[in-house]
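Structure at a glance
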Amino acid sequence: MSTTRESAPVVIIGAGCIGAAIAYHLGKRGVKDVVVLEKELFSGAGSTGKCAGGIRQQFSTPLNCRISQLSVQHYQRFEEEMGTDPVFFPVGYLFLLSDPAQWAAFQAQAELQRSLGIPTRTLDPSGAAAIVPELELEGVLGATFCPTDGLGNPHEITQAFEARARALGARFRFGVEATGLLRVGSRVTGVRTTQGDIETPIVVNAAGPYAAQVAAWAGVDLPVLPYRRHCFTTKPLPFVHERLPMIVDMKSGVYMHRESGGMLLGLADKDEPSSFDTSVNWDFLEKVVEPAIERLPALAEAEIGHGWAGLYETTPDHNAVLGKPAGVEGLLFANGFSGHGFMQAPGIGQLMSEWIVDGAPSLDLHELRLERFTEGASLHEANVI
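I will try to describe carefully the structure that is included in this document. (Residues numbered from 1 in each chain as written. Predicted model: local features only at pLDDT ≥ 70, side-chain atom pairs only at ≥ 80, totals over all residues. Heavy atoms only, no water.)

1. Remarks on the layout of surface pockets
- Each pocket or cavity is described by its volume, and for the second largest pocket that value is around 420 Å³.
- In terms of lining residues, the second largest pocket is bounded by 22 residues, among which Arg 229, Ala 268, Lys 270, His 318 and Val 384 are the most central.
- Elements represented by at least two residues in the lining of the second largest pocket include exactly β15 (225-234) and β19 (304-314).
- It is β15 that provides the largest number of residues to the lining of the second largest pocket, a total of three residues.
- For the lining of the second largest pocket, a count of residues per class yields eleven nonpolar, six polar and five charged. (1 Å grid on protein atoms, 1.4 Å probe; cavity = no way out; pocket = protein on both sides within 12 Å on 5 of 7 lines; lining within 4 Å. Points joined across faces, edges and corners; volume = space filled by probe spheres on them. Helix = DSSP H or I, 4+ residues; strand = E, 2+ residues; numbered from the N terminus. Nonpolar A, V, L, I, M, F, W, Y, C, P; charged D, E, K, R; others polar.)

And the structure:
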């Protein structure tokens, strides 16, 4: 182990989309020499690079709606602000509802979303068919559709955050693993790494599925567990076009969107226990394909081209944990996004930078404090896929 010792105003553990976005927004606020530690060899090599790329504002809690709404505003100006090719495609999210109670809940949520300025529409089955004529809608009671939701390119977006953060003075340390936290009493004073210690007054835990391990170095119990999630892609299909929305069938849980001329198909195996396993279980493919074909019969002619698995970093209530843990100074959490980290990354980057620079974020994030779990004050997010 090297005995090299350096310092930084902020150290971020994790260079996925969340960590890279925080580094960018800190640089934008004038914080120079931020260090981002990443044990992999490039940014977004973990969960970010394996996510489905959906970006939506249709959530069941007002705070998640607001965070995603803030993020979509960033994505809408991303190309101009970051100097990239188009990376956000507002093709919309189409949720299909077959259960009466769930349909009633989604209609109420749509009202909530509209009250916040999110243009969610409720549709009868014929309205859903007008958007995607290839759908088989037997049993579907209704749908919700938000045209400003859409799809993003996780790799290009994360690389852009990294490039702009570097230009603003951030230092990304790839292949350097955080191995512990330096502490004086209840205060975190730095990070121990495989290449020496880094002294800092502020450490941001953006370690994705490994977040609980980082928290444990400070003696904090962070209830974030990793769960494997599969995606499979088909070869090109004739009905796939550039305006095809993300389709989510809430009856089966399967979600589908266009991908390289074909379709991406995803589904959570709710019976699978927590693990760090990212190998592909090809036996699970049939469980994904069957409900997908039932809802979109044109997929019956599809050939599967590729498959992969990534990790959701999941909390008990499927909401993120943001901010300072009680009793520990100098540590901030940006963890537990339960599958919506990529879509909320720009907003989280802004809010966490405000917390560090201004002392408080511009949105009230009290609902997402860690202590909600012991206080019995957690608010469940229902729209998790």
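Anyway, onward from the coordinates.
2. As for the packing of aromatic side chains
- Following the criterion strictly, the structure yields ten aromatic pairs and no others.
- Aromatic pair Tyr 75 and Phe 342: ring centres 6.0 Å apart, planes at 50°, arrangement tilted. Here the residue Tyr 75 occupies a position in helix α2 (residues 62-76), and Phe 342 occupies one in helix α9 (residues 341-358), the gap between them amounting to 267 residues. Judged on exposure class, the residue Tyr 75 and its partner Phe 342 are both buried.
- When the centroid spacing of 5.9 Å and the interplanar angle of 25° are considered together, the rings of Phe 172 and Phe 174 count as stacked.
- Of the aromatic side chains, those joined through ring pairs into one cluster are Tyr 24, Tyr 75, Phe 78, Phe 88, Phe 161 and Phe 342.
- The ring of Phe 89 has Arg 258 lying over it, and the distance from NZ or CZ to the ring centre is 5.4 Å. (Phe/Tyr/Trp six-rings, centres within 6.5 Å; stacked < 30°, edge-to-face > 60°. Buried < 20%, exposed > 50% of the residue type's maximum accessible area, 1.4 Å probe, protein only. Lys NZ or Arg CZ within 6 Å of the ring centre and 35° of its normal.)

3. Here's the deal with helix α8 (residues 285-295)
- Buried residues of α8: Leu 285, Val 288, Pro 291, Ala 292 and Arg 295, and no others. All buried residues of α8 project into a common sector of 155° when viewed along the axis, lining one side. For α8, the exposed residues lying more than 90 degrees away from the buried face are Glu 286 and Lys 287.
- Tucked inside the fold, the buried residues of α8 contact β6 (93-97), β15, β16 (246-249), β17 (255-259), β18 (262-267) and β19. (Arc of directions from axis to C-beta. Contact = heavy atoms within 4.5 Å.)

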